[in-house]
Amino acid sequence: MSVRTPPRLLELAGRSLLRDEALAISTLEELPTELFPPLFMEAFSRKRCEALKLMVQAWPFLRLPLGSLMKRPCPETFQAVLDGLDALLTHGVRLRRWKLQVLDLQDVSENFWMVWSEAMARRCLPNAMMNRKPVQDCPRMRGQQPLTVFIDLCLKNRTLDEYFTCLLLWVKQREGLVHLCCKKLKMLGMLLHNIRNILKTVSLDCIQEVEVNCNWTLPVLAEFTPYLGQMRNLQKLVLSDIDSRYISPEQKKEFVTQFTTQFLKLRCLQKLYMNSVSFLEGHLDQLLSCLKTSLNILAISNCVLLESDLKHLSKYPSIGQLKTLDLSGTRLANFSLVPLQVLLEKVAATLEYLDLDDCGIVDSQVNAILPALSRCFELTTFSFRGNPISMATLENLLCHTIRLNNLCLELYPAPRESYDVRGIVCRSRFAQLGAELMGRVRALREPERILFCTDYCPQCGNRSLYDLEVDRCCC
Amino acid sequence: MDGEKKTYGGCEGPDALYVKLILSDGHEFIVKKERALTSGTIKAMLSGPGQFAEKEADEVHFREIPSHVPSKVYALCMYFMYKVRYTNSSTEIPEFPVAPEIALELLMAANFLDC
């Protein structure tokens, strides 16, 4: 039988108070500020809608972080909260202590509710208040609209769920009173037609992060671009799986121009991720020339590039201060890697993360990047798996990492000699070579974490690793 | 056991079985220490530095809590017993009743006492 713990008296007393909603409501005026969070949690979990409505009106804090309570949104309780807000917004009801300006529907890791409980327990209110993360802010909060609603939008179904639909309708009907502030927008499956309605309701210049991963074609992306251009404060853009097949070269050029020119307006962009974006081939120059800010992160993964595209990488000041460069899965076989060497030299003082996994880089290409690589003193993570290089080249590569004292994680390919003529890894050979390589590295420096990894197993899809011992495939 | 006097342990010394709770209006309540430690606040007050060096008696002063609501104090003591009885118990835990008329006072006391 399981061992249980009796509920806290705080919970029991709150529950008793809320059983009689009229009594609970009559006590709100005298309820100490610090008791609002636990009582609100109790009312929310037990669906005491009338009490909730009044508690929203009497809420004594600037922000009501409802998002972290709404693991599974309940329409009734959510509506009760909106009704409480309505009483404040439309009827001008203000209880003595009303301070509420922000309804926070984000699911943030900082848990206001637990922090208040702990602060009460430690009786260190002033310290707890100082150590908390600063409240989410938005310049528009100081404008005409008395209430700001913070929300992160993740649109993965074809249509909006009931909760979002209710919220958006409620906001639309209170235009001028409510500012809907969305900082993070993920579009993972919704039709653009439905997304458009949402984009018309949120303030686009509040959006800081956007992810597009809906298998859009290039023409659909081009329809989205006017909205992208209005996201003046965008800091992070993630673009995945954009299909540009079945489009003529002229149309492709026009769509790409429409898309890339929007970047001229994105003066806050710091992180750009493009994964499996087929239109970049032959057009990387066009994109890079429109970047007006200095990027921290540039990821061009699983894309097809021309050799001329690679040459453009080192040309632009916008990628002269990268902290992360990720070219994984983008084939660089048969390219001269001199442009990559030039780029690495430019970013040597800032680069912390370099991922060149599965780029198809061969022995003859590696030497081109070694001098610059050896000067990337800020590098903490270097990943080079899936490149078919020999033992000798790998040893040479390792020698060039001697002075990279900040390396915490290094991932290298199993040398070519680990495989038989059919391309199948020979485990004993891999183990032997892994041990040799580990010995070589240890003779040069003390690595923090270093792994040698085989190609993906065709059956189980995993790589085998050599760390201190050979890991095995699941198959 | 006729003729035997029932004796209780005192509130003094590190092995005291009882602790004295002194409320703001001077009323004193002697409670078994094990049960009083249900309250995180009382626990912290009794285990603070210098507690045993400075005092021999386990006494806790509550300058914020008056005793003018006797039912509240009684309910608190009953809760301490309930918590000790059913903590780490494999038996069914009954609901602890809280009368609505003292719910707010008890809520505030529970918040202060961290229990």
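The rules behind each value
Residues numbered from 1 in each chain as written. Chains lettered and ligands numbered in written order. Predicted model: local features only at pLDDT ≥ 70, side-chain atom pairs only at ≥ 80, totals over all residues. Heavy atoms only, no water. Helix = DSSP H or I, 4+ residues; strand = E, 2+ residues; numbered from the N terminus. Buried < 20%, exposed > 50% of the residue type's maximum accessible area, 1.4 Å probe, protein only. Contact = heavy atoms within 4.5 Å. Core = buried A, V, L, I, M, F, W, Y, C linked by side-chain atoms within 4.5 Å. Domains from an automatic or database assignment. Buried area = accessible area lost by both parts, 1.4 Å probe. Salt bridge = Lys/Arg side-chain N within 4 Å of Asp/Glu carboxyl O. Polar contact = N/O pair within 3.5 Å; in protein donor to acceptor, adjacent residues only side chain to side chain. Nonpolar A, V, L, I, M, F, W, Y, C, P; charged D, E, K, R; others polar. pLDDT = per-residue confidence, 0-100. Phe/Tyr/Trp six-rings, centres within 6.5 Å; stacked < 30°, edge-to-face > 60°. Lys NZ or Arg CZ within 6 Å of the ring centre and 35° of its normal. Patch = residues over 30% accessible without salt bridge, like charges linked within 9 Å, V, L, I, M, F, W, Y side chains within 5 Å. Areas by Shrake-Rupley, 256 points an atom, 1.4 Å probe, with all protein chains shown as cover. Expected span 1.5 Å × (residues − 1). Arc of directions from axis to C-beta.

A.B. asks: Explain the overall build of chain B to me, please; I cannot follow it from the model alone.
C.D. replies: A count of helical and extended segments in chain B gives five helices and three strands. Its helices and strands taken in sequence order, chain B reads β-β-α-α-α-β-α-α from the N to the C terminus. Split into buried and exposed, the 115 residues of chain B put 43% on the buried side. Across chain B, contacts joining residues at least 24 apart in sequence account for 57% of those joining residues at least 6 apart.

A.B. asks: Help me understand the nonpolar core in this model?
C.D. replies: Side chains of nonpolar character tend, in soluble globular proteins, to be buried together. Judged by nonpolar contacts, the single largest core of 174 residues is most densely connected at Phe40 and Phe224 of chain A. Here this core takes nine residues from helix H5 (residues 100-113) of chain B, the largest share from any one element. Here this core spans two domains, since at least three of its residues come from each of domain 1 (10-115) and domain 2 (322-474) of chain A. Once residues within four sequence positions are removed from consideration, Phe40 of chain A is found in contact with Leu52, Met55, Val56, Trp59, Leu64, Leu66, Leu69, Val81 and Trp113 of chain A. Formed by five residues, the second largest nonpolar core is a distinct cluster that contains Val102, Cys138, Phe150 and Cys206 of chain A.

A.B. asks: Can you walk me through the domain arrangement of chain A in this structure?
C.D. replies: One widely used convention gives an interface's size as the accessible area the parts lose upon coming together. Here chain A is described as being made up of domain 1 (10-115) and domain 2 (322-474). Here the C-alpha centroids of domain 1 of chain A and domain 2 of chain A sit 54 Å apart.

A.B. asks: So what exactly am I meant to see when it comes to the interface of chain B and chain A here?
C.D. replies: On the chain A side, the residues contacting the 27 residues of chain B number 28 residues. Between chain B and chain A lies a buried interface of about 2400 Å² when both sides are counted; carbon and sulfur atoms form 65% of it. Contact with chain A buries area across many residues of chain B, yet Leu104, Leu107 and Asn111 of chain B alone supply 26% of it, more than any other trio. Note that Arg8 of chain A and Asp114 of chain B form a salt bridge whose closest N and O atoms lie 2.4 Å from each other. Joining chain B to chain A, the criterion identifies seven residue pairs in polar contact (both at pLDDT 80 or more). Mapped by element, the contributors of at least two residues to the side of chain B that touches chain A are helix H4 (70-86) and H5 of chain B. Element by element, the count of residues in the side of chain B that touches chain A is highest for H5 of chain B, at nine residues. Broken down by class, the residue content of the side of chain B that touches chain A amounts to 17 nonpolar, six polar and four charged.

A.B. asks: Could you clarify how one ought to interpret the confidence of the model for chain A in this entry?
C.D. replies: Parts of the prediction with low pLDDT should not have their coordinates interpreted in detail. Mean pLDDT over chain A: 87, with 89% of residues reaching 70 or higher. Note on residues 120-134 of chain A: pLDDT is under 50 here. Beyond four places in sequence and across chains, it has 18 contacts.

A.B. asks: Whenever I open this one, the pattern of salt bridges confuses me. Can you help?
C.D. replies: Once the charged atoms of two side chains with opposite charge are near each other, the side chains can pair. Residues and elements named next belong to chain A. With the rule as written, the count across this model stands at 20 salt bridges over all chains. Measuring nitrogen to oxygen at the nearest pair gives 2.4 Å for the salt bridge that ties Arg15 to Glu11. One end of the pair, Arg15, and the other, Glu11, are both in helix H1 (residues 9-19), four residues apart, so they sit about a helical turn from each other. With its nearest N and O atoms 2.8 Å apart, the salt bridge here joins Arg385 to Asp357. In this pair, Arg385 sits in the loop between strand E11 (381-383) and helix H16 (391-399) while Asp357 sits in the loop between strand E10 (353-355) and helix H15 (363-373), placing the two residues 28 residues apart along the sequence. Overall, the relative accessible area of 22% leaves Arg385 in the partly exposed class. Accessibility expressed as a relative area gives 5% for Asp357, which makes it buried. A single network of salt bridges, built from pairs that share partners, joins Glu11, Arg15, Glu42 and Arg46.

A.B. asks: I keep staring at the packing of aromatic side chains and nothing clicks. Help me out?
C.D. replies: When we look at a pair of aromatic rings, we describe it by the centre distance and by the angle of the planes. Here the structure, examined in full by the defined rule, presents 18 aromatic pairs over all chains. Consider the rings of Trp216 of chain A and Phe224 of chain A, whose centres lie 5.5 Å apart with planes at 55°: the pair is tilted. Sitting over the face of the ring of Tyr456 of chain A, Arg463 of chain A holds its NZ or CZ atom 4.1 Å from the ring centroid. The positively charged end of Arg85 of chain B is found above the aromatic ring belonging to Tyr86 of chain B, 4.6 Å away from the centroid.

A.B. asks: Help me understand unusual backbone geometry in this model?
C.D. replies: With the exception of glycine, the majority of residues adopt a negative phi angle, and the majority of peptide bonds are in the trans configuration. Phi is positive for Asn215 of chain A, which is not a glycine, with a value near 55°. Inspection of the secondary structure puts Asn215 of chain A in the loop between strand E5 (209-212) and helix H10 (218-229). The backbone of Asp114 of chain B shows a phi angle near 55°, a positive value even though the residue is not glycine.

A.B. asks: What is the right way to read a nonpolar patch on the surface from this model?
C.D. replies: Taken together, the side chains of Tyr74, Met78 and Met81 of chain B make up a nonpolar region of the molecular surface, amounting to roughly 290 Å² of accessible area. The exposure class assigned to Met81 of chain B is partly exposed, which follows from its relative accessible area of 36%.

A.B. asks: I would appreciate a short explanation of the environment of Gly40 of chain B in the present structure.
C.D. replies: All names here are of chain B. The residue Gly40 is located in helix H2 (residues 40-46) in this model. Overall, the relative accessible area of 23% leaves Gly40 in the partly exposed class. A sequence separation of 70 residues divides Gly40 from Ala110, and the C-alpha atoms of the two residues are 10.0 Å apart. With sequence-adjacent residues up to four places away left out, Gly40 is seen in contact with Leu113 and Asp114.

A.B. asks: I keep staring at helix H17 (residues 427-444) of chain A and nothing clicks. Help me out?
C.D. replies: Count 3.6 residues to each turn of an α-helix, and residues three or four apart come out pointing the same way. Residue and element names in this part refer to chain A. The first and last C-alpha atoms of H17 sit 26 Å apart over 18 residues, in line with the 26 Å expected at 1.5 Å per residue. Listing the buried residues of H17 in full gives Phe430, Leu433, Gly434, Leu437, Met438 and Val441. Along the axis of H17, the buried residues cluster in a sector spanning 140°; they form a single face. Set apart from the buried face of H17 by more than 90 degrees, the exposed residues are Ser428 and Ala443.

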